[in-house]
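# Fold and geometry: a report
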Amino acid sequence: MSSNKQALVLGASGGIGGEVARQLRDAGWRVRALKRGLDTVAEQRDGITWQRGDAMNRDDVMSAARGCQAIVHAVNPPGYRHWGQRVLPMVDNTIAAAIAERATIVLPGTVYNYGPDAFPLIAEDAPQHPTSRKGGIRVEMEDRLHAATAQGARVIVVRAGDFFGPRAGNSWFSQGLVKPGQPVKKILLPGKPGVGHQWAYLPDVARTMVALLGRGETLAPFARFHMAGHWDADGTRMAQAIRTVARRHGQDPAVAAFPWWLTWALAPFVPTLRELREMRYLWNAPVRLDGRHLAAVLGEEPHTPLQDAVEATLAGMGCIPRMGASPASARTN
């Protein structure tokens, strides 16, 4: 990728935003990241220019996006606080900047847009009839992004399953299945027995986004892609992979059902649990994104073998030693 390409990443402190920022940098892009609370107006760190600003402030976003050909919109309010009130204003700021720069917006999409009428195998053009509040907001986001393409912006939406990875941050893997920062003693299964579930390894998702950006104007102005990722056909394959990796490191975790009752009890006090409870329906029926269109465009979808991905994820979470590290040194890092 030519080094004259510039990208702004909103949400670079988070899981998907950070992964895309690093992979864009490694592909030769000059990368800017917007971050609140910096001591200086801008600082260089790990090959990325961090610029002080807030995605809720349009002037900050417009300034940071100046000269950029791509804007990665991976920003979310921390802990889902005031999510419904902040999501649309933030995407409107990104749209304004993209129109001004004639840039391409890259959005990590979700399955929230779809309701049961699109299940179990969802193509990009499936009808969007969401059943949740977050799903309705997501549909509105994409409607606004689509309208922006009539004013010179371009859009790439990449939908994937539940994220996991070494630096995934808030995810079902790290908040529901296992506990970060300690050996794997128990693996919790949120889904019903026999119900399939889709997962997406964050480095693969980021690699997909970078590859699609490289396609430039060969893509439609509003281009949507679904990733196949890792399909857990009966809802137990991910737990089995975690257990296999943990056993290689001298651990023997038990497998148990996720305590959904706890989300009902604590939801009034813990916003994250309230959000998890709202999306429980995605664990009660098989929901699978159809990745054939993406594979046809790229030739093949970036895909890390499941056990390799799980090993890297558990190491990144501090549950097993990192590659090449002794158990003692891993505990002190």
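Above: the structure in question.
Read on for a plain summary of the structure. (Residues numbered from 1 in each chain as written. Predicted model: local features only at pLDDT ≥ 70, side-chain atom pairs only at ≥ 80, totals over all residues. Heavy atoms only, no water.)

With that settled, consider the packing of aromatic side chains. According to the stated counting rule, one finds 9 aromatic pairs in the structure shown. Measuring from centroid to centroid gives 5.7 Å for Phe164 and Phe173, while their planes differ by 15 degrees, and the two rings are stacked. Given a relative accessible area of 1%, Phe173 falls into the buried group. Measuring from ring centre to ring centre gives 6.2 Å for Phe164 and Trp199, while their planes differ by 85 degrees; the resulting arrangement is edge-to-face. With Phe164 in strand 9 (residues 162-164) and Trp199 in strand 11 (residues 197-201), this residue pair connects regions lying 35 residues apart in the sequence. On the basis of relative accessible area, Phe164 is assigned to the buried category, the value being 0%. Here the aromatic cluster, defined as three or more aromatic residues joined through ring pairs, consists of Phe164, Trp172, Phe173, Trp199, Tyr201, Phe258, Trp260 and Trp283. Cation over ring: Arg45 sits above Trp50, and NZ or CZ is 4.7 Å from the ring centre. Across the ring face of Tyr112, the terminal group of Lys134 is positioned such that the distance to the ring centre comes to 5.4 Å. (Phe/Tyr/Trp six-rings, centres within 6.5 Å; stacked < 30°, edge-to-face > 60°. Buried < 20%, exposed > 50% of the residue type's maximum accessible area, 1.4 Å probe, protein only. Helix = DSSP H or I, 4+ residues; strand = E, 2+ residues; numbered from the N terminus. Lys NZ or Arg CZ within 6 Å of the ring centre and 35° of its normal.)

Turning our eyes to something else, we now look at the sheet that holds strand 9. Here 3 strands make up an open sheet; going across it, the order is 9-11-13 and the pairing mixed. The sheet is open, and its two edges are formed by strand 9 and strand 13 (230-232), each paired on a single side. Ignoring which end each strand starts from, the neighbouring axes of this sheet average 35 degrees apart. Bridge count for strand 9 against strand 11 is 3 bridges, and the pairing is parallel. Paired with Phe164 across the two strands is Tyr201, which belongs to strand 11. (Pairing = 2+ DSSP bridges. Axes fitted to C-alpha atoms, helices over the stretch in contact; angles between N-to-C directions.)

Turning to the nonpolar core, a few remarks are in order. In this structure, Leu24 and Leu212 are the most contacted members of the largest nonpolar core, which totals 35 residues. Element by element, the count of residues in this core is highest for helix 6 (residues 202-213), at 7 residues. Those residues in contact with Leu24 that sit more than four places away from it in its chain are Ala7, Val9, Trp29, Val31, Val72, Val210 and Leu213. (Core = buried A, V, L, I, M, F, W, Y, C linked by side-chain atoms within 4.5 Å. Contact = heavy atoms within 4.5 Å.)

The next thing to look at is the side chain of Asn93. Tracing the backbone through its elements, the reader meets Asn93 in helix 3 (residues 83-101). Judged by relative accessible area, Asn93 falls into the buried class, the value being 5%. Separated by 2.9 Å, the side chains of Asn93 and Arg58 make a polar contact. Once residues within four sequence positions are removed from consideration, Asn93 is found in contact with Ala55, Met56, Asn57, Arg58 and Val61. (Polar contact = N/O pair within 3.5 Å; in protein donor to acceptor, adjacent residues only side chain to side chain.)

Let us look at the environment of Pro116. Examined against the element boundaries, Pro116 turns out to sit in the loop between strand 6 (104-109) and strand 7 (121-122). On the accessibility criterion, Pro116 (51% relative accessible area) is exposed. Along the backbone, Pro116 and Leu177 are 61 residues apart, and their C-alpha atoms lie at a distance of 25 Å.

The next thing to look at is the environment of Gly318. Position of Gly318 relative to the elements: it lies in the loop between helix 12 (306-316) and helix 13 (327-332). Look at Gly318 and you get partly exposed, because its relative accessible area is 41%. Counting along the chain gives 177 residues from Gly318 to Met141, while the straight-line C-alpha distance between them is 35 Å.

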